[in-house]
Every structure is written in C-alpha cells, then in structure tokens.
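Observations on the three-dimensional arrangement
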Amino acid sequence: MPKKLSKGGALPTTTTTTTTTTSPSILASGAGALPSLPSTLTDDRPLPRLIVFDLDYTLWPFWVDTHVTPPLRAAPGASTTTAVVDRVGDAYAFYPDAPAILHALPLAGVRLGVASRTHAPELAREMLKLLHVVAGEPPVGGAGAGAEKRKARRALDLFDGGLEIYPSSKVRHMEALAKRTGIPYGDMLFFDDESRNRDVETLGVTMWLVRDGITWKDVDKGIKEWRSRRGMR
C-alpha cells in the first residue's frame, strides 16, 4: 500500500477576469466513477480560469525530495499506474480524492498548474509522468460493463497551465504561471498545505489552505472563497 508519511519526521505509517463556466452534462460524460460533484462545479456560475496545486502534502502524502529513493517504477500488478515503487520498495500515490479532482476540473473548463518548492524537481516530474489518473469507469451494471476499458492519462499531461517545480517562493511560481498562461492573478485559485504561502495573495491570487491532502470539500470551499472575494455571493 502507498505510504502516508509524517511531516514531523516520525516513522511512516501505512494508510489506504474572464471566467469559465460549465454544465452538469459536461462533467457527467465519461466520468462514471466520480463521486457526487460539489455544487460549485455544476451550478453554471463562474470558476477560476487556473487552479494551481502544490505537490507535497497537497496532492500526495510525502515530501518527494526526502521520502522517495529513486529510481521509480510502476507498482507491479496494476492495470493502470495509480501507484509507483521506489528503489527500496516503498509505494507512493496521490491522496484518495486527488485523481478524480484532477480529472473533473479540466472537464469543467479549468486549466491546471503546479507550484512546488521541492529540491528534487526531476524526481517530482518523474512521479507525475508515472502516476496515471483514471478518466472513467465502466457503468455500474451497464451492458458490456465488464468489457469496457478504463481510460487513463499521465498526471503530468493534465497540467496544461504549466509546471513550476524548483526551490523558490510561491510568489515567483505564480508570476511564472501568469506569464506562461496570460491568466490574471485574480482568476487563479491556489491549493497549498503551508500557511506561509499565503504571500501569493499579495499578487491577487486566492489561496485555500489544505489541512490533510486535497479533498472535494477543499475544492468546493476554495471555489466559494474565490467567488466571495469577487463579490459573487
């Protein structure tokens, strides 16, 4: 099983301005495995144009530069690469809600980006290359359900807004993402697990603090906060 590693150094334990809108029908197509989506993704109200994620303890439960020992390989016996194994045999994966979130947001017309202050940028990119997001499941009980194959994409390919992965301030990361995409800071929402990174809000970016890995509740609350700051009650 993938590991969830303590930030405090304890021994690891094993655990299982222009906006875009969307409609429920868009999100429903090809996403039979998704849980009930938050209303913020199906209410036809404005969404951020770019949602940016930190990596360590936001999308996955470890520090890639201290917990993971390269090289990496796909976990044996998996039909799709939802976990990877490092040189010493430890397995690593996303937080439980992360894959479905990364699948659903682009269907809603939202671009995705990464802002990570890691000292192992190439290892982080390799992790994103190997980890896949399953894009859909066979309909439960539907005709031919057993024969329909699940579609999967490399997590790396979902971040069309860009990857800023290097030791630096998150302000610099946001500046680079804005330059790359042309999206104003006010149309960005950022999820991160460290409160010190609220300094991105000096640029006009909305940040939502993640407490224990990204969840659907975080996505819902983050979008509501982004709307609230723009007077959308």
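Residues numbered from 1 in each chain as written. Predicted model: local features only at pLDDT ≥ 70, side-chain atom pairs only at ≥ 80, totals over all residues. Heavy atoms only, no water.

Going by an unreviewed UniProt entry, the protein chain carries the name Magnesium-dependent phosphatase-1 and comes from Phialemonium atrogriseum.

Tallying secondary structure elements over the protein chain gives 5 helices and 12 strands in all. Scored against the burial criterion, the 233 residues of the protein chain give a buried share of 47%. (Helix = DSSP H or I, 4+ residues; strand = E, 2+ residues; numbered from the N terminus. Buried < 20%, exposed > 50% of the residue type's maximum accessible area, 1.4 Å probe, protein only.)

Centre-to-centre distance and the angle between the planes together describe a pair of aromatic rings. Within the structure shown, the criterion is met by 5 aromatic pairs. When the centroid spacing of 5.6 Å and the interplanar angle of 20° are considered together, the rings of phenylalanine 53 and phenylalanine 191 count as stacked. One end of the pair, phenylalanine 53, is in strand 3 (residues 50-53); the other, phenylalanine 191, is in strand 11 (residues 188-192), with 138 residues separating them in the sequence. For phenylalanine 53, a relative accessible area of 0% translates into the label buried. Taking relative accessible area as the criterion, phenylalanine 191 reaches 0% and is therefore assigned buried. Considering the side-chain rings of tryptophan 60 and phenylalanine 94, the 6.1 Å spacing of their centres and the 20° angle between planes classify their relative orientation as stacked. Of this pair, tryptophan 60 sits in the loop between strand 3 and strand 4 (73-74) while phenylalanine 94 sits in the loop between strand 6 (91-92) and helix 2 (98-107); the two residues are 34 residues apart in sequence, bridging distant segments of the chain. A relative accessible area of 0% means that tryptophan 60 is categorised as buried. An aromatic cluster is defined as three or more aromatic residues linked by ring pairs; in this entry it consists of Trp60, Phe62, Tyr92 and Phe94. (Phe/Tyr/Trp six-rings, centres within 6.5 Å; stacked < 30°, edge-to-face > 60°.)

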